[in-house]
Amino acid sequence: MRIAEISTPELRRAQAEAQPQDSSPVLSQIESLIEHCEEDFTSGPKLSQLASSLRQSLARLSELAPFSNSVNLHIWKLSYRLWNACVDLSNASSIRSSSSSTTAAEDQAKLRHVTADMLSLAGDTAGVASPEFKTAFFYYKTGLMWHSLRKFDLASSCFEKATDLLSKVDPRTVTDTGQRKLLLDLNLARSQTAWEVSDPILAVTLLSRAKSFLFGSSDHYKALANQYLAFGKSFLSIDNENKGQSFREALKLMNGALELCEKGFSTARTRQEKLDLKALKSKTLRFVAAVHLQMEEYESVIKCVKVLREGEGGDHHPCLPVLAMKGWLGLGRYGEAEKELRGMVVNKGVPEGVWVSAVETYFQAAGTAGLETAKGVFLGLLGRCHVSAGAAVRIVHRVIGGGGEGLKVRAKVVVELVSDERVVALFAGDGAAKERIAMHAVLWNCAADHFRSKDYEASAEMYEKSMLYVPHDIENRVLRAKSFRVLCLCHLGLSQLDRAKEYIDEAEKFKIYLQGKDHSGAVTQILAMTTCLDYTPDFLLLAAHEAIACRALPVAVASLSNLLNFYASGKPMPGNQTVVFRTLVTILTQDPGNESEILKYVKHVHSRASDVGPDCFFGKGEVARRELKWFAVTSWNFGKKAGENKDYSLSAEFLSVASEFYGLLADGQVDENSVMVCKSLILTISAMLASENQKKAVLLDSDVKKMVELLDRAGKILKSSSTAMQLGDDQPLSLEPEFHFLYTFNSYELYGRMNNPKSQLLIVKSFASSKACTPAYLLQIGLTASQGPRPNHEVAFLALNQSLSELLSSVSPDYKTVALIVRKLITVTSIHKGDADDDAVYNIYKQAYRIMVGLKGGEFPIEEGKWLATTAWNRAAFPIRLGHFGSAKKWMKVGLELSGLVPGMETYKACMEDFVASLDKKVGMHNGSEEQPQTIAV
């Protein structure tokens, strides 16, 4: 039967005029229970039993609704009596200390919840002023109690009911101060509860709504601004991969707090109110400046500091000079930064660590231009307070840096600094032995850098100063002797003649061929060169250098390729063959289209290293590691480039050999090289799968087996990295989120090919609980699992459900995507579980209702809202046909709730309400009625 046929105005009037059943017995029972509560302030089991009895009686009373006005008024009076009794119980409990205080508080919260529900049941009653505010107040106070007990679901329920009661009240018509405060406090409390249950988007949304309830009160502005600042600070403490996003969200909230403080000044009436708002504004601005500094927005940092200093009274917080100095340094305004730094020296209240750190920061940014300032400030600190030897080492090490540009100038300043008697005195005594050794090492290494660059004069001076930090005792006699020897070498180097030139005669013919661009003739000359009696491999090296200088790259390649043949023969060679391979690859990279040749040589390098061992091929020490890393990085870069050019087969080859090079570097350790092994393996598998799709050819079983082996290696590295983090590694290493996703997605794909749905579920569960997980990644997995060539509905449900949770916990959720996931979840659950688990589908509809509660009209897609409401209502048809009226009413109720939140469904909702009322009446008269709801077209 159609809804229009069973729902008429006449039927509604008839129902309204029907005589209600007698409610006196139930009311008498409730009143009796309240009297027991008033007479006996018991907080033990008796109180818990009383709350349970009241809840049962209220449930029976609600079945008899609606009531006459006199009955409603009686319910109001009983509710107030019970509330006052709860207040007396609370006062008595605060006087008596009890070990079961939490249990007693929960029992009292249950009683207060009953009082609020009683007022809600009575509703609007003649003779009661502002009934909706009074009822909402009871729910608000009860919600605060549940919140303090960390029963956030119950607190949220109370706040939502209060919000719903006041949602139809126009704030502009509210004049009572208490009612205005309730509107604001309710939104703030609901926001705090949402934050506690990790729903920041709802929390921030509620703060925005609270701006409608400020009513020109400075206290209201201050309370709301404080909450904005609190949430902003909380965003800074969130530990996630995307710090930039957290900073932006924190800044947005703090700017909201500043805006509220500014507007609040115009409403402040007393001096104290203005001082409170000013203090809050200054505090917020300091946090804003710190966030801008983290985001490297230095102009904004300076603006914040200027506003703080130039404001009325001026803010002289100790952090402002530090913020200002770092801001000026970021802008490259070293003069202003120097003023801030020198100004800090006169402040004796700042600890040494802060000053030293400020000096380091200044020099790190200013570089050579800031040398004199850094030296002057540090020496100024020596005269102002005690400075430790460790601080001196830090400053010298920072000034020396890592060599490069300005080394000579920086060395000159270091020489002046370390030769100062006050600095040398810091390292006297056994207590500074560790720092003395460190200072000597820093100076010695700097001298060695100058020696290698043949600046023997500067090297000698630095070696001399390093001896200031070598004690004159027997233990350090060897070290002093070594210092004298290197000083001797420096002075000898100042008079050393240049080396004689070599190989000029043999290279003349070769140069003619190169300059004439006769590459064939140059290669022939190379071959002839190798047959000479006085030939040495150095001739080939020289030929390669000359070819490179003339941009005759094919000749250089031929020369170096011939040179490699001598390494293979086992003859003694002047240098390491890794240098030859590296030069070859570098030359080949100069021209495009040589990728296959490059792949051939890097594979040859790996093959040789595997045959003779990495130590024999590359050597030992740091230089050998740099060579090995060069081949690893080169293979990785070419693999990524080939992938970007959609040459997936070549990409897989390069990335596979890159994983082997990085594996040699890692040598079984969990470090950045093992992470690169994992990345290379993951991208190798991705490239192989992409190649299959590109060529539209099914992979062989051997290829699938190879990918499974690679995936297993990557999984072991991921597990080792995770274990290192759990063991408290100081610098834990982890993959970027996209690689975690690719690993999970590839694993899911391969497990699907192996018909292993259990492993598919486990790998997706592990990913969903990781920090790398994002709603977009989970949505992609969920869609693939639900509609791909090898669907897995259990994985689809897990991924979609987790994606929905992550989206709702974000600051600005995309409700279109939320609606898409909800619809997909309903579809997947319906197909996978069918009618066997009706509650699973019902819970998704209820979750959708909770998401939509409190949203503005149209914020949730209207068409999706209509789809949810109508499909929920239509699900009642089948249970009614079977006579399962309880199940049917459950679906009708959720359909009604959803339709009430969707603009444009008012007519539908009225028809739904008419049918429910008609059904209740007919079911009561004729059990087993065949009346069925008309389904609504989606």
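Residues numbered from 1 in each chain as written. Predicted model: local features only at pLDDT ≥ 70, side-chain atom pairs only at ≥ 80, totals over all residues. Heavy atoms only, no water.

Where an unreviewed UniProt entry is consulted, the protein chain appears under the name Protein ZIP4 homolog, with the organism given as Punica granatum.

Student: Got a minute to help me understand the overall build of the protein chain in this structure?
Tutor: Regarding its fold elements, the protein chain presents 45 helices and 0 strands. Within the protein chain, buried positions represent 45% of all 938 residues. Across the protein chain, the fraction of contacts at a sequence separation of at least 24, relative to all contacts at a separation of at least 6, is 67%. Summed over its atoms, the accessible surface of the protein chain is roughly 47700 Å², and 52% of this surface lies on carbon and sulfur atoms. (Helix = DSSP H or I, 4+ residues; strand = E, 2+ residues; numbered from the N terminus. Buried < 20%, exposed > 50% of the residue type's maximum accessible area, 1.4 Å probe, protein only. Contact = heavy atoms within 4.5 Å. Areas by Shrake-Rupley, 256 points an atom, 1.4 Å probe, with all protein chains shown as cover.)

Student: Sorry, what's going on with the packing of aromatic side chains here?
Tutor: Between two aromatic rings, the relevant description is the distance of the centres plus the angle of the planes. Summed over all chains, the structure comprises 24 aromatic pairs. Note on F638 and F654: the rings are 5.5 Å apart at their centroids and 25 degrees apart in plane angle, and the pair reads as stacked. Taken as a pair, F638 in helix α32 (residues 622–644) and F654 in helix α33 (residues 648–666) lie far apart in primary sequence, 16 residues in all. The class of F638 is buried, set by a relative accessible area of 13%. Centre to centre, the rings of F741 and F767 are 6.3 Å apart; their planes meet at 50 degrees, and the pair counts as tilted. Placement of F741 in helix α36 (residues 737–753) and of F767 in helix α37 (residues 757–768) is noted, with a sequence separation of 26 residues between them. (Phe/Tyr/Trp six-rings, centres within 6.5 Å; stacked < 30°, edge-to-face > 60°.)

Student: Whenever I open this one, the pattern of salt bridges confuses me. Can you help?
Tutor: Think of it this way: side chains of opposite charge can pair up when their charged atoms draw near. Inspection of the entire model under this criterion finds 23 salt bridges. For the salt bridge of R713 with E660, the shortest nitrogen-to-oxygen distance reads 3.4 Å. Within this pair, whereas R713 is found in helix α35 (residues 701–726), its partner E660 is found in helix α33, the two being separated by 53 residues in sequence. Residue R713 is classed as partly exposed on the basis of its relative accessible area of 31%. Looking at E660, the relative accessible area reads 28%, which means it is partly exposed. We note a salt bridge from K716 to D712, for which the minimum N-O separation is 3.5 Å. Here D712 and K716 lie together in helix α35, a separation of 4 residues that amounts to about one turn. On the accessibility criterion, D712 (41% relative accessible area) is partly exposed. Three or more residues are tied together by salt bridges with common partners; here these are E692, E749, R753 and R790. (Salt bridge = Lys/Arg side-chain N within 4 Å of Asp/Glu carboxyl O.)

Student: Is there a simple way to think about the packing of helix α11 (residues 218–237) against helix α13 (residues 271–294) in this case?
Tutor: A pair of packed helices is captured by two measures, namely the crossing angle of their axes and the spacing between those axes. Look at α11 against α13: their axes get within 11 Å of each other, and the N-to-C directions meet at 20 degrees. By the angle class used here, α11 and α13 are roughly parallel. In this structure, the crossing between α11 and α13 has a hand that is left-handed. Taken together, the residues of α13 that come into contact with α11 (itself represented by S218, D219, K222, A225, N226, L229, K233 and L236) are E273, D276, L277, L280, K283, T284, F287 and V291. Across the contact of α11 with α13, the residue classes break down as 7 nonpolar, 3 polar and 6 charged. (Axes fitted to C-alpha atoms, helices over the stretch in contact; angles between N-to-C directions. Parallel < 35°, antiparallel > 145°, perpendicular 65-115°, else oblique. Left-handed = near helix turned anticlockwise from the far one by under 90°. Nonpolar A, V, L, I, M, F, W, Y, C, P; charged D, E, K, R; others polar.)

Student: Is there a simple way to explain helix α22 (residues 433–452) in this structure?
Tutor: Given 3.6 residues to a turn, an α-helix orients residues that are three or four positions apart in the same direction. With 20 residues, α22 extends 29 Å from end C-alpha to end C-alpha; this agrees with the ideal 28 Å at 1.5 Å per step. When we look at burial in α22, the residues that qualify are R436, M439, H440, V442, L443, W444, C446, A447, A448 and H450. With its phi angle positive at about 65 degrees, K454 sits one or two positions after the end of α22. (Expected span 1.5 Å × (residues − 1).)

Student: Help me understand the side chain of S691, please; the structure alone is not making it clear to me.
Tutor: Tracing the chain through its elements places S691 in helix α34 (residues 672–695). Reaching out from S691, the side chain makes a polar contact with the side chain of S649 at a distance of 3.1 Å. Those residues in contact with S691, other than ones at most four positions away along the chain, are Y648 and S649. (Polar contact = N/O pair within 3.5 Å; in protein donor to acceptor, adjacent residues only side chain to side chain.)

Student: Can you help me understand the packing of α32 against α34 in this one?
Tutor: Where α32 meets α34, the closest approach of the two axes is 12 Å, and the angle between their N-to-C directions is 25 degrees. Between α32 and α34, the angle falls in the class roughly parallel. Where α32 crosses over α34, the two elements pack in a sense that is left-handed. Judged by residue contacts, R625, K629 and W636 of α32 engage N673, M676, K679, S680 and L683 from α34. Partitioned by chemical class, the residues of the contact of α32 with α34 number 3 nonpolar, 2 polar and 3 charged.

Student: Could you clarify how one ought to interpret unusual backbone geometry in this entry?
Tutor: Across the chain, the bulk of peptide bonds are trans and the bulk of non-glycine residues have phi less than zero. Not every positive phi belongs to a glycine, and S198 is a case in point at roughly 60 degrees. Summarising the element assignment, S198 is placed in the loop between α9 (177–196) and α10 (200–210).

Student: Before we go on, may I ask you to explain the environment of N226 in this structure?
Tutor: Among the structural elements, N226 can be located in helix α11. Each C-alpha atom of the pair N226 and L280 lies 7.6 Å from the other, and the pair is 54 residues apart in sequence.

Student: Whenever I open this one, the confidence of the model for the protein chain confuses me. Can you help?
Tutor: Any residue range with low pLDDT should be treated as having predicted coordinates unsuitable for detailed reading. Taken over all residues, the pLDDT of the protein chain has a mean of 79, while the share at 70 or more is 80%. With pLDDT under 50 throughout, residues 1–20 is counted as low confidence; its partners more than four residues away or in other chains account for 25 contacts. Predicted confidence for residues 724–732 stays below pLDDT 50, and this span has 5 contacts to residues more than four positions away or in other chains. (pLDDT = per-residue confidence, 0-100.)

Student: How should I be thinking about the environment of V128 in this particular structure?
Tutor: When you line up the elements, V128 lands in the loop between α6 (101–122) and α7 (131–148). Classification of V128 by relative accessible area gives buried; the value is 16%. Between the alpha carbons of V128 and W76 there is a distance of 8.6 Å; along the sequence they are 52 residues apart. Excluding residues within four positions of it along the chain, V128 makes contact with L73, W76 and K134.

Student: Help me out: how do you make sense of the state of the cysteines in this one?
Tutor: Here is the idea: a disulfide is a covalent bond, and it sits between the sulfur atoms of two cysteines. With the rule as written, the count across this model stands at 0 disulfides. There is no disulfide at C86, and the cysteine sulfur nearest it, in C37, is 5.5 Å away. Here C86 falls in the buried class, since its relative accessible area comes to 0%. (Disulfide = S-S within 2.5 Å.)

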